[in-house]
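# Chains, contacts and geometry: an overview
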Amino acid sequence: MEMLREHRTSGPLAMILVAALGSMSARAQPTESVDVPGVFSETIDVRVVNVEVVVTDAEGKRVAGLGRDDFKVFVDGAERPIDFWSEVRDGETLSSERRALDSEEADALEREAHSTSYLVFIDDSFVKARDRNLVLEKLANDLEGLSPRDRMAVVAFDGRELTLLSAWTSSTRVVGGALRDARARPSGGNRRERDRRLNQANHPGTAGSELSGLQHRYARLLGNEVERSVMAAVASLRTFSSPPGRRVMLLLAGAWPLSPAEFAAPGGAMPEALEEAYANGVLGYEDLYGPLIDTANLLGYTLYPVDVAGMAGRIDPETPTGLLPGAGDQSFFGPEGNLHAGMRFLAEKTGGRAVVNDERELALAGVAGDTRSYYWLGLRLDRAADDARHDLRVEVLRPGLVVRAREGFVDPSRETEMTLMSESALLFGTPASALAAQLRFDRPERAGRGLVKLRTQIGFPLDEIELAGDGDRRTADLALRVVAMDDQGARTEPRLETVHVELERAPEPGEIHWHAVELTLERRWHRIVAGVFDPNSGRIYSSSAEIAP
């Protein structure tokens, strides 16, 4: 086994991203306002939670002209003051009110209300090329309808790695080139369809009280593959976590079912069959989609899943799923309904809308129209960084009106931030933070058939760590996380350790502290990501490297 290459943040992170992810730089000219993102800021600082609210009447028509006092916002059931309120119509602020925010914060929110940042996520591992290319061509045709203040970024996932096709840019030429490149990528949709038809051919019939062994296997495989794509979408959100303006993700995700267990049973499955499937490792909708919903709500993204295949399902996309924790998954009809329900679930929880059936041909135009007129509410909330999930509910006091808004947010701990950072680094192949750590490897040793033991050393700068104490003794306890992904996209269990540092002197400038961990891996290509969190300063140091037999 030899080390192929190591990625470090030894220079500006934007340059590393361009070098690592390649072709974008050849298309994007400096004069066209292309913003290459850092993979991460070191922390998520949520002081003001933004809530975008759409209000309609009983016939679904937008309601304008409401004031701040027409709304109430509840966090975990308790009413919270609305610190900032604005009505935005066609991308322009009509009126606004500010209370507890200082002028700089409020001015920044008003400026953000005038533009939209569209993050396009293309899941090539699930879509068919024909359907994907139709949607991408229609999307490219609608670029001219965007405001000059809007921007777009495009990423694609092949089942193992994310590829950055375009960073944030307002140039329709650059985005058009990225969408054209996306149409040339291979896709895995035909294979998914073959697997689905094979499962259906082996299991025709009506709903049963249990799934067969083959159905269990198919449901677990499908759930794991969807989870991989979902985590790629999470990594994309975290990578593009802080664009200006309203934040929208267009999910060109193909066939993500709400319930893989139900999807594996063509004739349907009884509740006891679903419960047995969950008990045997098949993912339910909360575990499957919770990370994406939580991340979108935390970062202020509204999700718009796009029905790439244009299925003629029997589900009204505007009818709420009504899914509640523990309520089961049976609130749809047939495989197409299952897929539509998955789209609607993601949209509902983040205040968006599922773009289904023939609407796919107007995906960008429809989403742009849906996001240009809304009410923007800002809440100042203190962070506890405890991974707590908080319910969010918006009420409008005038009778007969309907509110659409996201339903909650999560306050992530530093450990959760490190997990998300590592996931993004695994998929993008770039360092997880702007602060550099180092990786080096000893010669691997055989550890059984097809396995090797790999002693991995992680180095970080001692003179940047905040050490406690004075005099002759200085200490710090740091959190270390190491994870690896193989060439099939399978991940190892994260290695979590506490690194104790103790010095009897002040660290020398540039002095590196090395900490060794032993990993047992299959003898195949892996990408390894290591992160070290300093709780005293809140900084995270990270590095990634690739190894192969």
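Our subject is the structure that appears above.
Structure report, in brief. A quick note: this is a predicted structure, and the numbers were derived from the prediction, not measured.

Attention shifts here to the overall build of the protein chain. Helix and strand content of the protein chain: 13 helices and 25 strands. Looking at the protein chain residue by residue over its 549 residues, the buried ones come to 54%. Counting contacts in the protein chain only where the partners sit at least 6 residues apart, residues at least 24 apart contribute 77% of the total. Approximately 23,100 Å² of the protein chain is accessible, and the part contributed by carbon and sulfur atoms is 47%.

Per the stated rule, a full pass over the model turns up six aromatic pairs. For the ring pair F71 and Y375, a centre distance of 5.1 Å and an interplane angle of 55° mean the geometry is tilted. Taken as a pair, F71 in strand β4 (residues 71-75) and Y375 in strand β13 (residues 374-380) lie far apart in primary sequence, 304 residues in all. An aromatic cluster is built from F71, W85 and Y375, whose rings are joined through pairwise contacts. For the cation-ring pair, R192 lies above F126, with the distance from its terminal atom to the ring centre recorded as 4.1 Å. The side chain of R246 reaches across the aromatic face of Y374, ending 4.4 Å from its centre.

Bringing the sheet that holds strand β16 (residues 408-411) into the picture now. Taken together, the four strands give an open sheet; going across it, the order is β5-β4-β14-β16, and neighbouring strands pair in antiparallel fashion. Bordering the open sheet on either side are β5 (78-80) and β16, each of which pairs with just one other strand. Mean inter-strand twist for the sheet, computed between neighbouring axes without regard to direction, equals 35°. One ladder, built from four bridges, connects strand β14 (residues 388-396) with β16; its direction is antiparallel. Pairing of D391 across the sheet is with G408, part of β16.

Let us look at the packing of helix α7 (residues 213-239) against helix α10 (residues 285-299). The geometry of α7 relative to α10 is characterised by a closest axis approach of 8 Å and an angle of 10° between their N-to-C directions. Relative to α10, the element α7 is oriented roughly parallel. On α10, the residues touching G223, V226, E227, V230, M231, A233, V234, L237 and R238 of α7 are L288, Y289, P291, L292, T295, A296 and L299. Broken down by class, the residue content of the contact of α7 with α10 amounts to twelve nonpolar, two polar and two charged.

What follows deals with the packing of helix α4 (residues 129-141) against helix α5 (residues 172-183). Put simply, α4 and α5 touch, their axes get as near as 9 Å, and they point 170° apart. Judged on the interaxial angle alone, α5 and α4 are roughly antiparallel. Residues R132, N133, L136, E137, L139 and A140 of α4 lie in contact with α5, whose contacting residues are L179, A182 and R183.

All right, on to the environment of S96 then. Its place among the elements puts S96 in strand β7 (residues 92-98). Through-space distance from the C-alpha of S96 to that of L377 is 9.7 Å; in sequence the pair is 281 residues apart.

Attention shifts here to the nonpolar core. The biggest cluster of nonpolar side chains holds 54 residues, and the ones touching the most others in it are F121, L251, W256, Y289 and L292. Sort the elements by how many residues they give to this core and α7 lands first, with eleven residues. Core analysis: the second largest hydrophobic core is formed by 28 residues, V135, L146, L165 and V306 among them.

A few words on the pattern of salt bridges. For the structure on display, the rule yields 29 salt bridges. Residue D131 pairs with R360 through a salt bridge whose shortest N-O separation is 3.7 Å. Highlighted residues: D131 in helix α4 and R360 in the loop between α11 (334-350) and α12 (363-371), separated in sequence by 229 residues. The residues D131 and R360 share a single accessibility class, namely buried. With its nearest N and O atoms 2.8 Å apart, the salt bridge here joins R505 to E511. Among the residues examined, R505 registers a relative accessible area of 36% and is labelled partly exposed. One salt-bridge network, in which partners are shared between bridges, spans R160, E161, R527 and E546.

Across a regular strand the side chains alternate sides, sitting on one face of the sheet and then on the other. By the criterion of burial, strand β21 (residues 474-486) is predominantly enclosed, with eleven of the 13 residues buried. Both β21 and strand β22 (residues 495-503) contribute to a ladder of nine bridges, which runs antiparallel. When the bridges of β22 are listed, T475 appears paired with E502. Of the pairings in the sheet, the one linking β21 to strand β24 (residues 526-534) comprises eight bridges and is antiparallel in character. Among the inter-strand pairings, M485 is bridged to a residue of β24, identified as R527.

On to α5, then. Over its twelve residues, α5 runs 16 Å from end to end, which matches the ideal 16 Å to within 8%, given 1.5 Å per residue. Looking only at α5, the buried set comprises V174, V175, G176, G177, A178, L179 and A182.

All right, on to the environment of V88 then. Relative to the helices and strands, V88 resides in strand β6 (residues 84-89). Taking relative accessible area as the criterion, V88 reaches 2% and is therefore assigned buried. As a C-alpha pair, V88 and E52 span 36 residues in sequence and 9.9 Å in three-dimensional space.

Another aspect to go through is unusual backbone geometry. Phi is positive for D76, close to 55°, though the residue is something other than glycine. Phi at N357 is positive, roughly 55°, even though this residue is not glycine. Summarising the element assignment, N357 is placed in the loop between α11 and α12.

What follows is about the pairing of β6. With five of its six residues buried, β6 lies for the most part within the structure. Two strands pair when backbone bridges link them, and β6 and β13 are joined in this way by five bridges, in the antiparallel orientation. Each residue of the ladder has a partner; that of F84, found in β13, is G378.

The rules behind these values
Residues numbered from 1 in each chain as written. Predicted model: local features only at pLDDT ≥ 70, side-chain atom pairs only at ≥ 80, totals over all residues. Heavy atoms only, no water. Helix = DSSP H or I, 4+ residues; strand = E, 2+ residues; numbered from the N terminus. Buried < 20%, exposed > 50% of the residue type's maximum accessible area, 1.4 Å probe, protein only. Contact = heavy atoms within 4.5 Å. Areas by Shrake-Rupley, 256 points an atom, 1.4 Å probe, with all protein chains shown as cover. Phe/Tyr/Trp six-rings, centres within 6.5 Å; stacked < 30°, edge-to-face > 60°. Lys NZ or Arg CZ within 6 Å of the ring centre and 35° of its normal. Pairing = 2+ DSSP bridges. Axes fitted to C-alpha atoms, helices over the stretch in contact; angles between N-to-C directions. Parallel < 35°, antiparallel > 145°, perpendicular 65-115°, else oblique. Nonpolar A, V, L, I, M, F, W, Y, C, P; charged D, E, K, R; others polar. Core = buried A, V, L, I, M, F, W, Y, C linked by side-chain atoms within 4.5 Å. Salt bridge = Lys/Arg side-chain N within 4 Å of Asp/Glu carboxyl O. Expected span 1.5 Å × (residues − 1).

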